Amino acid sequence: MLGFAVRRILVAAGVALTVSVASFLLLHLSGDLATTIAGPEATGEQIAAIRAQHGLDQPLVVQFGTWAWHALHLDFGRSFYFPEQVTDLVAARLPVTLTLGIIALAVALLVAIPLGVVAAFHRDTWIDRTALAVSVLGQAMPSFWFGLTLILIFSVNLRWLPVSGNATWKHFVLPAVALGYYAMPAVMRLTRNGMLEVLSSDYVRTARAKGLPPRKILIRHALRNAVIPVIALAAVQFGFMLGGSIVIEAVFSLQGLGQLAWESIARNDFPVVQAIVLVLAMIYIGLTLAADLLNALLDPRLRS
């Protein structure tokens, strides 16, 4: 187990370094940052002064080394637009995005796992086909359109839930449902396929031959083995949802990292965009690493 953990940690460190380099280069090679910061009416002297002030006159390797060193100390510089440190901005918005992601993942798992189990148990029936149709619909439907539909029904017509903001728990209900429905199809299909494979295994047939109740076979013998791959997928989907929250937060005006990223991109606030990309990438890498280690702990076969 120790060797497996060391290998996975080294891979995660390599991915983190690659993401850091890519996020740095994509922003710095997209154009002249000094000209963008100064504005279209700036003179050559003003652009040169801004380039020197932000270290943009240094070689690209030196710029990356300086930025990476400060990033390791959680210092992402000052925002070009907001009168705050980037670290303070990200720290203030991150809890909202994490809260939304956790609730959305809980919604997805609470719906998708039982639906996958029921679909597998009633294979090739109308129940199975209905579950698969719900899955396909969730994957095909754009999340922003689904979010707007939820607002129209539950906020505008029924007036049950608020339209926007993040002041109370009610403000997270509709965004979490919209974001969770996007992640639900993959979890449901993986649960269904895992249950079908486990239900056809020898030890389940033996349990049935012994006369064990179907519910006991389903939960104790089948589900606990079929749900292991779902752990890794849940971590991956959580990372996807954090990144995909940009659209949902914009639709519901949640003041999280997604909304901050949207505002920063529109205002060419490059330090904030860099910090958000790096923070979300590190969270995603940490989640997948934790899922790999947990899966290897639960299933020793994966260690080799």
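Computed from a predicted model, the values in this text were never measured in an experiment.

(A) Quick peek at the overall build of the chain. For the chain, the count of helices and strands is 13 helices and zero strands. Along the chain, from the amino end to the carboxyl end, the secondary structure elements read α-α-α-α-α-α-α-α-α-α-α-α-α. Residue burial in the chain is summarised as follows: out of 304 residues, 40% are buried. Restricting the contact set of the chain to residue pairs at least 6 apart, pairs at least 24 apart contribute 74%. Looking at the chain as shown, the accessible area adds up to about 16,400 Å², and 67% of this sits on carbon and sulfur atoms.

(B) Representation of the packing of helix 5 (residues 86-121) against helix 6 (residues 126-140) within the structure. Across the interface, helix 5 lies against helix 6 with an axial gap of 8 Å and an inter-helix angle of 145°. Regarding helix 5 and helix 6, the two cross each other, and that crossing is left-handed. Taken together, the residues of helix 6 that come into contact with helix 5 (itself represented by Leu115, Val118 and Ala119) are Ile127, Asp128, Ala131 and Val134. Tallied by class, residues from the contact of helix 5 with helix 6 come to six nonpolar, no polar and one charged.

(C) Representation of unusual backbone geometry. The phi torsion at arginine 159 lies on the positive side, around 60°, for a residue other than glycine. Following the sequence through the fold, arginine 159 ends up in the loop between helix 7 (143-157) and helix 8 (173-199). Overall, arginine 159 belongs to the exposed group, its relative accessible area being 69%. Of note, the phi angle at serine 253 is positive, near 55°, even though the residue is not glycine. Structurally, serine 253 is set in the loop between helix 11 (228-252) and helix 12 (257-266). We classify serine 253 as partly exposed; its relative accessible area is 31%.

(D) Structural detail: the packing of aromatic side chains. Under the criterion given, the structure shown has three aromatic pairs. Taking 6.1 Å as the distance between ring centres and 40° as the angle between the ring planes, the aromatic pair formed by phenylalanine 64 and tryptophan 67 counts as tilted. Of this pair, phenylalanine 64 and tryptophan 67 both sit in helix 4 (residues 60-72), separated by three residues, roughly a single helical turn. Residue classification places tryptophan 67 among the buried positions, given a relative accessible area of 12%. Measuring from ring centre to ring centre gives 5.1 Å for phenylalanine 146 and tyrosine 181, while their planes differ by 50°; the resulting arrangement is tilted. With phenylalanine 146 in helix 7 and tyrosine 181 in helix 8, this pair connects stretches of sequence that are 35 residues apart. You can call tyrosine 181 buried: its relative accessible area is 14%.

(E) Local environment of the environment of alanine 108. Note that alanine 108 resides in helix 5. The buried category is assigned to alanine 108, whose relative accessible area is 1%. Alanine 108 has contacts with Ile113, Gly180, Ala183 and Met184, leaving out every residue within four places of it along the chain.

(F) Seen up close, helix 11. The first and last C-alpha atoms of helix 11 sit 34 Å apart over 25 residues, in line with the 36 Å expected at 1.5 Å per residue. Helix geometry: helix 11 is bent most strongly at glycine 244, by close to 45°. Just beyond helix 11, the residue with positive phi is serine 253, at close to 55°.

(G) A nonpolar patch on the surface, seen in detail. On the surface, a nonpolar cluster with roughly 480 Å² of combined accessible area is contributed by Leu152, Ile153, Val156, Leu158 and Trp160. Along the polypeptide, isoleucine 153 turns up in helix 7.

Parameters at a glance
Residues numbered from 1 in each chain as written. Predicted model: local features only at pLDDT ≥ 70, side-chain atom pairs only at ≥ 80, totals over all residues. Heavy atoms only, no water. Helix = DSSP H or I, 4+ residues; strand = E, 2+ residues; numbered from the N terminus. Buried < 20%, exposed > 50% of the residue type's maximum accessible area, 1.4 Å probe, protein only. Contact = heavy atoms within 4.5 Å. Areas by Shrake-Rupley, 256 points an atom, 1.4 Å probe, with all protein chains shown as cover. Axes fitted to C-alpha atoms, helices over the stretch in contact; angles between N-to-C directions. Left-handed = near helix turned anticlockwise from the far one by under 90°. Nonpolar A, V, L, I, M, F, W, Y, C, P; charged D, E, K, R; others polar. Phe/Tyr/Trp six-rings, centres within 6.5 Å; stacked < 30°, edge-to-face > 60°. Expected span 1.5 Å × (residues − 1). Bend = angle between axes of the 7 residues up to and from the residue. Patch = residues over 30% accessible without salt bridge, like charges linked within 9 Å, V, L, I, M, F, W, Y side chains within 5 Å. Salt bridge = Lys/Arg side-chain N within 4 Å of Asp/Glu carboxyl O.

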